[in-house]
Amino acid sequence: MNKKGRLFWQVLPMLLILFTAAILVTWQITYNSVRKGMDEKYTEMLSEVTAASDISRTLYNVDSIIRGKYIGNVDEQNLADYTIAGYIAGLGDKYAYYMNADEYAEYLLENQNGIKTGIGVTVVFDNTAGGLYITSVYEDTPASRAGILPGEVITRADGKSVLEMGYSLSLERIGDGDVGSTVTLTVLSEAGTERVVTLTREEIKIVTVTHRMVNKDTGVIKINEFTSQTPTEFKNAMQDLIVNGAERFVFDVRNNPGGSLDGVSQTLDFLLPAGDIIIINEKSGTKRTITSDTAEFTAPMAVLVNGNTASAAELFTAALRDYGKAESVGETTYGKGSMQEIVPLPGGGAASVSVSTYLPPSGVSYDGEGIRPTYPVELPATAAANFYRMTDEEDTQLQKALELVAGMEASTIQ
């Protein structure tokens, strides 16, 4: 074997050792990095488990103490409902809440079928009027058959003062109850006379959209909230207005608290061209986008908003703005850019919890800030105090919207 050959075989083992060492060092570095990440993740998970265990242990100890010392009887279902409600309240999420089994069943009936048990009125609390001011009465309902009219005021329910009970308890007193149960109301007419009527609760079809012509070529559509029924109601309202000569439209989402994602996205799909409707940012970091198809509605349009325009109603306003479809008139909106999910729970109840944030088509968040309308217009103090009783002439926001759409060129409606 020549000298070069011997040198090669002498050097080869050293090269193999160095190569192996390099692999081992690289593996060790990689392993340490991965191990560190796993350790951090494990520590994080362990702390979460420990925290959860601490909560469970505390609840267990409290339960044991109460059952050992409390002299009264424990209502198991009532205790479970209050425990879950307290946990949800402890999150500090102002949009989170708990529904017990009965409330959740009613929620499903109302949102899936647009049906709830009641007498067929919508109301607002009005201290000045002395009770619940009736803003609308559904047709063919116990209220309408009893001759109750918009503009009248419910002052008592089953003999109890509405002003003393407050808004929430009054609504419960009037609306809660099975089909066939009764409620006795004291009703104050606009002329100032009182009468007492007893109504039998029925299943009421909830109407989320109302519409009317305000002049020969302009229609106003009021959207009270967005539910699974809203897209159909909205399209029907648009078609009826068009048949009656409407070429210009004002959409009123003042005091609209929002509603379902499907309800608003399908309503917007009818109006918008192809493109994004909403961009959803989930906790995992995943982004999900809902889009509109190519069909769109074209006509002069404006949107009325105020400080109680929130969530889905804000998305409705922002999307029409972002696509240059409609001007907005009124006051800066509420500013809610988060989404909640209704999560069914063991025992038949459910919890609403914030699970994601969202952006309008522009990608610019309005959460915590609200949407400043294109044309800021405040209502006069007297009109604002009597919002549901003001005339069209007193409604300066509506008048500005009518002025705007009147000045837009009315192309062929598509």
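Structure: see above.
Computed from a predicted model, the values in this text were never measured in an experiment.

Novice: Describe in detail the pairing of strand S12 (residues 248–252), supporting the description with residues and values.
Specialist: With 5 of 5 residues buried, S12 is to be regarded as a mostly interior element. The alternating pattern of S12 places Arg248, Val250 and Asp252 and Phe249 and Phe251 on opposite faces, both of which are buried. The pairing of strand S11 (residues 218–223) with S12 spans 5 bridges and is classified as parallel. When the sheet's bridge partners are listed, Thr218 is paired in S12 with Arg248.

Novice: Report on unusual backbone geometry, specifying residues and quantitative values.
Specialist: In this model, Asp140 sits at a positive phi of 50°, which is unusual for a non-glycine residue. In this fold, Asp140 is placed in the loop between strand S4 (131–137) and helix H4 (142–145). Asp140 sits in the exposed class, given a relative accessible area of 60%. Within the chain, Ser311 stands out as a residue other than glycine whose phi angle is a positive 55°.

Novice: Before we move on, can you summarise the side chain of Ser265 with the specific residues and values?
Specialist: Along the chain, the position of Ser265 falls in helix H8 (residues 261–271). A relative accessible area of 7% places Ser265 in the buried class. Side-chain polar atoms of Ser265 contact the backbone oxygen of Leu261, separated by 2.8 Å. Polar side-chain contacts of Ser265 include one of 3.3 Å to the backbone oxygen of Asp262. For Ser265, the residues in contact, after removing those within four places along its chain, are Ile277 and Ile290.

Novice: Describe the nonpolar core, and please don't skip the residues or the numbers.
Specialist: Counting residues in hydrophobic clusters, the biggest one holds 38 residues, and the most contacted among them are Phe251 and Phe316. Residues in contact with Phe316, not counting those within four places in the same chain, are Ile223, Phe226, Phe251, Val253, Val264, Thr267, Leu268, Leu271 and Val303. Core analysis: the second largest hydrophobic core is formed by 17 residues, Ile119, Ile154, Val162 and Leu185 among them.

Novice: Explain the layout of surface pockets residue by residue, including any values.
Specialist: In this structure, the second largest pocket spans a volume of roughly 490 Å³. Surrounding the second largest pocket, 21 residues form its lining, Leu59, Leu79, Ala80, Thr83 and Ile84 being those nearest its centre. Elements that contribute at least two residues to the lining of the second largest pocket include exactly helix H1 (3–69), helix H2 (76–89) and strand S18 (350–359). If you tally residues by element for the lining of the second largest pocket, the top one is H2, at 7 residues. Partitioning the lining of the second largest pocket into residue classes produces 15 nonpolar, 2 polar and 4 charged.

Novice: Please provide a residue-by-residue account of helix H6 (residues 167–175), values included.
Specialist: If you check which residues of H6 are buried, you get Ser170, Ile174 and Gly175. The buried residues of H6 occupy an angular sector of 110° when the element is viewed end-on, so they sit on one face. In the core, the buried residues of H6 are packed alongside strand S2 (115–118), S4, strand S5 (153–157), helix H5 (162–165) and strand S7 (182–188). Where H6 ends, the next residue or the one after it, Gly177, has phi of about 145°, a positive value.

Novice: Got a sec to walk through the sheet that holds strand S10 (residues 209–215)? Specific residues and values, please.
Specialist: Read from one edge of the open sheet, 6 strands run S10-S11-S12-S15-S16-S19, paired in mixed fashion. Because the sheet does not close on itself, it has two edges, and the strands there are S10 and strand S19 (375–376). Its contacts with the sheet place helix H7 (residues 230–243) against S10, S11 and S12, and it is angled at close to 20° to S10.

Novice: Outline the pairing of strand S13 (residues 275–282), listing residues and values.
Specialist: Pairing analysis gives 6 bridges linking S13 to strand S14 (residues 287–292), with the strands arranged antiparallel. Each residue of the ladder has a partner; that of Asn281, found in S14, is Lys287. Taking the residues between adjacent antiparallel strands as the criterion, S13 and S14 are bridged by 4 residues, where Gly285 takes a positive phi near 100°. As judged from the 4 bridges shared by S13 and S18, these two strands associate in the antiparallel manner.

Novice: Describe the pattern of salt bridges, listing the residues and the values that go with them.
Specialist: Counting across every chain of the model gives 15 salt bridges. Here Glu152 and Arg195 are joined by a salt bridge, their closest N and O atoms 3.0 Å apart. Taken as a pair, Glu152 in the loop between H4 and S5 and Arg195 in strand S8 (residues 194–200) lie far apart in primary sequence, 43 residues in all. Across the salt bridge formed by Asp252 and Lys222, the nearest N and O atoms sit 3.8 Å from each other. With a gap of 30 residues between them, Asp252 in strand S12 and Lys222 in strand S11 connect regions that are remote in the sequence. Through salt bridges that share partners, Lys222, Asp252, Arg254 and Asp395 make up one connected network.

Novice: Residue-level account of the packing of H7 against H8, with values.
Specialist: Between H7 and H8, whose axes approach to 8 Å, the crossing angle comes to 30°. Judged by the inter-axis angle, H7 sits roughly parallel to H8. When you trace H7 past H8, the crossing you get is right-handed. When H7 is examined against H8, the residues Thr230, Pro231, Phe234, Lys235 and Met238 are found in contact with a partner set consisting of Asp262, Gly263, Gln266, Thr267, Phe270 and Leu271. A per-class count over the contact of H7 with H8 returns 5 nonpolar, 4 polar and 2 charged.

Rules and cut-offs
Within each chain, residues carry numbers counting from 1 in the order of the written sequence. Totals for whole chains, interfaces and linings use all residues, but because this is a predicted model, local features are given only for residues with pLDDT of at least 70 and pairs of side-chain atoms are given and counted only at 80 or more. Side-chain descriptors were evaluated using all non-hydrogen atoms of the structure, hydrogens and water having been removed beforehand. Partly exposed residues are those whose accessible area sits between 20% and 50% of the maximum for their type, while under 20% is buried and over 50% is exposed, using a 1.4 Å probe and protein chains only. A run of H or I in DSSP counts as a helix once it spans at least four residues, and a run of E counts as a strand once it spans at least two, with each numbered from the N terminus. For two strands to pair, DSSP has to find at least two bridges joining them. Polar contacts, as counted here, are pairs of nitrogen or oxygen atoms within 3.5 Å of one another; within protein the pair requires one atom able to donate a hydrogen and one able to accept it, and residues that are adjacent in sequence qualify only if both atoms are side-chain atoms. Contact criterion: two residues are considered in contact whenever any of their non-hydrogen atoms come within 4.5 Å of each other. Residues belong to a common nonpolar core when they are buried Ala, Val, Leu, Ile, Met, Phe, Trp, Tyr or Cys residues joined through side-chain atoms within 4.5 Å. Method remark: on a 1 Å grid restricted to protein atoms, a set of points is classed as a cavity if a 1.4 Å probe fits but cannot get out and as a pocket if it is open with protein on both sides within 12 Å along at least five of seven lines; lining residues have an atom within 4 Å of a point. Grid points are joined across faces, edges and corners, and a volume is the space filled by probe spheres set on the points. Each residue is assigned to one of three groups, with Ala, Val, Leu, Ile, Met, Phe, Trp, Tyr, Cys and Pro labelled nonpolar, Asp, Glu, Lys and Arg labelled charged, and all others, Gly among them, labelled polar. Note that the arc is computed from the directions linking the helix axis to the C-beta atoms. Only the stretch in contact is used when a helix axis is fitted, and all axes are lines through C-alpha atoms; the angle between N-to-C directions ranges over 0 to 180 degrees. A pair is scored as a salt bridge if a Lys or Arg side-chain nitrogen falls within 4 Å of a carboxyl oxygen belonging to Asp or Glu. Throughout this description, any angle smaller than 35 degrees is read as roughly parallel, any larger than 145 degrees as roughly antiparallel, any in the 65 to 115 degree range as roughly perpendicular, and the remainder as oblique. Helix crossings get a hand from a simple test, with the near helix turned counterclockwise from the far one by less than a right angle marking a left-handed crossing and a clockwise turn marking a right-handed one.

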